[in-house]
Amino acid sequence: MANLGSIYGTKIDGSNTLVIDFSNVDICGNLKVNGQTQNSKVFMRMNTFLQTGNATEQTITNWTPVISEPANLYQSSTDIFRPPRNGHYSINFQTSLESTTNNSVNARIKLYQTDIFGTLSLVSHSEEREANQTTQVPKFRFLNMNIILYLVPTDSLYITIQGDNGYSMPASPYTNLSIHNVD
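Residues numbered from 1 in each chain as written. Predicted model: local features only at pLDDT ≥ 70, side-chain atom pairs only at ≥ 80, totals over all residues. Heavy atoms only, no water.

Asks: What should I look at first to understand the sheet that holds strand β11 (residues 156-163) in this one?
Replies: Two pairing modes exist for strands in a sheet, parallel and antiparallel, and in both the strands are linked by backbone hydrogen bonds. Pairing in this open sheet of 4 strands is antiparallel, and the strands run β5-β11-β8-β9 from one edge to the other. Edge positions in the sheet fall to β5 (58-59) and β9 (120-129), since each has one partner strand and no second. Examined bridge by bridge, strand β8 (residues 106-114) and β9 share 9 bridges and lie antiparallel to one another. Residue Lys 110 lies in a different strand from β9, and its bridge partner there is His 125. (Pairing = 2+ DSSP bridges. Helix = DSSP H or I, 4+ residues; strand = E, 2+ residues; numbered from the N terminus.)

Next up, the structure:
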């Protein structure tokens, strides 16, 4: 049977106080990272550098890790996050795409997940589109994704961007990605 802690009464400055002691109890489900003996949080934040493109969907390749716990969760542009343990992860990505031509009517971002079997799945998508464009000026489109996914250490993630004609995805702080373990 596991130790559930202890409850005892004591006097502090002449008053009775109920004290619940959980100092020897794992109340967080004993989640460990890389064999550590204590509970560990998992999180990562990355920024990007300027990236330009056109109507072809392309993978974002200009990542720069800002903070990561544990270290080295970023792998490569086609495997942006390597989860250190099974679990649910909150993935947040936001950017603003600036059209570089006068006839831009849409932009989109997509998050893909590849599992241990190499199966590629589109897991999140954000798009802005105009049905009847009346002005011919470059535009900014603000796109974001927020999703919770169950990931295992063999999964990989990558994000693509696409816009009609020409666009420019600005660098940090306008574009960034954050991931953290939520269980």
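The discussion continues.
Asks: For this particular structure, what's the right way to read the pattern of salt bridges?
Replies: This structure, assessed with the given rule, holds 2 salt bridges. In this structure, Glu 57 engages Lys 110 in a salt bridge whose closest nitrogen and oxygen atoms are separated by 3.9 Å. Of this pair, Glu 57 sits in the loop between β4 (51-53) and β5 while Lys 110 sits in strand β8, and the two are 53 residues apart along the sequence. By relative accessible area, which is 15% here, Lys 110 ends up buried. (Salt bridge = Lys/Arg side-chain N within 4 Å of Asp/Glu carboxyl O. Buried < 20%, exposed > 50% of the residue type's maximum accessible area, 1.4 Å probe, protein only.)

Asks: Is there a simple way to think about the nonpolar core in this case?
Replies: A general tendency of soluble globular proteins is for nonpolar side chains to be buried together. Core analysis: the biggest nonpolar cluster contains 27 residues, and Phe 81, Ile 91, Leu 157, Ile 159 and Leu 177 have the highest contact counts within it. Residue assignment for this core shows that the elements contributing at least two residues are β3 (43-48), β7 (87-99), β8, β10 (140-151), β11, β12 (167-169) and β13 (176-181). Top contributing element to this core by residue count: β10, with 5 residues. When near neighbours in sequence (up to four residues on either side) are disregarded, Ile 91 contacts Leu 111, Met 145, Asn 146, Ile 147, Leu 149, Leu 151, Leu 157, Leu 177, Ser 178 and Ile 179. (Core = buried A, V, L, I, M, F, W, Y, C linked by side-chain atoms within 4.5 Å. Contact = heavy atoms within 4.5 Å.)

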